[in-house]
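Structure at a glance
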Amino acid sequence: PAEPQTFNGEIIDLDLKQADYADFFRLIGEISGLNVVVDQNVTGTVTVSLKDLPWDEALDIVLRNNNLGGILEGRNVLRIATRATLQAEDAQRKAARDAQAAAIPPLSRNYVLNYTKAADVSTTLLASGVLSSKGRVAVEPRRNAIIVTDAAEQFDGITKMIEFIDTQAPQVEIEA
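These lines cover the structure that appears in this document, whether it is placed above or below.

Basis of the calculations
- Residues numbered from 1 in each chain as written.
- Predicted model: local features only at pLDDT ≥ 70, side-chain atom pairs only at ≥ 80, totals over all residues.
- Heavy atoms only, no water.
- Buried < 20%, exposed > 50% of the residue type's maximum accessible area, 1.4 Å probe, protein only.
- Helix = DSSP H or I, 4+ residues; strand = E, 2+ residues; numbered from the N terminus.
- Arc of directions from axis to C-beta.
- Contact = heavy atoms within 4.5 Å.
- Core = buried A, V, L, I, M, F, W, Y, C linked by side-chain atoms within 4.5 Å.
- Pairing = 2+ DSSP bridges.
- Axes fitted to C-alpha atoms, helices over the stretch in contact; angles between N-to-C directions.
- Lys, Arg positive; Asp, Glu negative; His and termini not counted.
- Salt bridge = Lys/Arg side-chain N within 4 Å of Asp/Glu carboxyl O.
- Polar contact = N/O pair within 3.5 Å; in protein donor to acceptor, adjacent residues only side chain to side chain.

Here the focus is helix H5 (residues 155-165). Those residues of H5 not exposed but buried are Phe-155, Ile-158, Ile-162 and Ile-165. Taken end-on, H5 shows its buried residues confined to a sector of 95°, consistent with a single buried face. Every exposed residue of H5 that faces more than 90 degrees away from the buried side is listed here: Asp-156, Lys-160, Glu-163 and Phe-164. Considering only its buried residues, H5 is in contact with strand S6 (107-112), helix H4 (118-128) and strand S8 (145-150).

One non-glycine residue with positive phi stands out, namely Asp-52, at about 50°. Given the relative accessible area of 59%, Asp-52 is considered exposed. With phi around 50°, Asn-144 is a residue other than glycine that occupies positive phi space. Inspection of the secondary structure assignment puts Asn-144 in the loop between strand S7 (136-140) and S8.

The biggest cluster of nonpolar side chains holds 22 residues, and the ones touching the most others in it are Leu-14, Phe-24, Phe-25, Val-46, Val-48 and Leu-59. Top element by residues in this core is helix H2 (residues 55-65). It accounts for five residues. Contact partners of Leu-14, with chain neighbours within four places excluded, come to Phe-24, Leu-27, Val-48, Ser-49, Leu-50 and Ala-58. Tyr-111, Val-130, Val-137 and Phe-155 belong to the second largest nonpolar core, which has 14 residues in total.

Strands sit in the order S6-S8-S7 across an open sheet of three strands; the sheet is antiparallel. Of all strands in the sheet, those with a lone pairing partner are S6 and S7, marking the two edges. Direction aside, neighbouring strands of the sheet carry axes that sit 20° apart on average. Looking at chain direction, S6 and S8 are connected through six bridges and run antiparallel. Paired with Arg-109 across the two strands is Val-148, which belongs to S8. The sheet strands contacting H4 are S7 and S8, and the helix crosses S7 at an angle near 175°. Packing against the sheet, H5 makes contact with S6 and S8, and its axis sits at approximately 10° to S6.

Looking at the secondary structure, you find Asp-56 in helix H2. Buried within the structure, Asp-56 lacks any salt-bridge partner; Arg-64 is the closest side chain of opposite charge, at an N-O distance of 11 Å. Each residue touching Asp-56, except ones within four places of it in the same chain, is listed here: Phe-7, Asn-8 and Gly-9.

The subject of this paragraph is the environment of Glu-140. Mapped onto the secondary structure, Glu-140 falls in strand S7. In sequence terms Glu-140 and Gly-69 are 71 residues apart; their C-alpha atoms lie 52 Å from each other. Among the polar contacts listed, one links the side chain of Glu-140 to the side chain of Arg-142, at a separation of 3.0 Å.

This part takes up the sheet that holds strand S5 (residues 77-82). If you walk across this open sheet you meet the three strands as S2-S5-S4, and the pairing is mixed. Sheet topology places strand S2 (35-38) and strand S4 (68-73) at the edges, where each strand pairs with a single neighbour. In this sheet, neighbouring strand axes are inclined to one another by 25° on average, regardless of whether the strands run parallel or antiparallel. Sheet topology places S4 next to S5; six bridges connect them, and they run antiparallel.

The quantities given are spatial measurements derived from coordinates; they are silent on function.
Structure below.
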């Protein structure tokens, strides 16, 4: 189950009947001290009767009941929009990040292994999740080496994983 949210705003009483969303959010802005910006797609009215409730919990209840979302931008700007609008913006940001990542050419690095077989390290790297979705591993069995091709920011984790795997097996010497 999800962890319960903790609300710590000033305790308020609200009794509103058919109040416009803009008026409700302006009231929340005055109580909270936040600057509230309401998206143009947010229209309608709200009817609530709430007693002895933190203002942030009242805001959360109204947002959830009306399929709206709020994002705190900067230090003190609360932006209210429909969930569809916020999801579309998230999708656009993700697409921009993905396009930017796709534009960066991948790097290749060679790792010569001392103690572990290259095929075993390759399998472990592919299964471990340290490679990005574009990452590839090629095995060079003659030199017991692997060639890793991936984004530059992935190589710190890849190198640590290879150093962890490519260690000498503990040996015991028994002398009589």
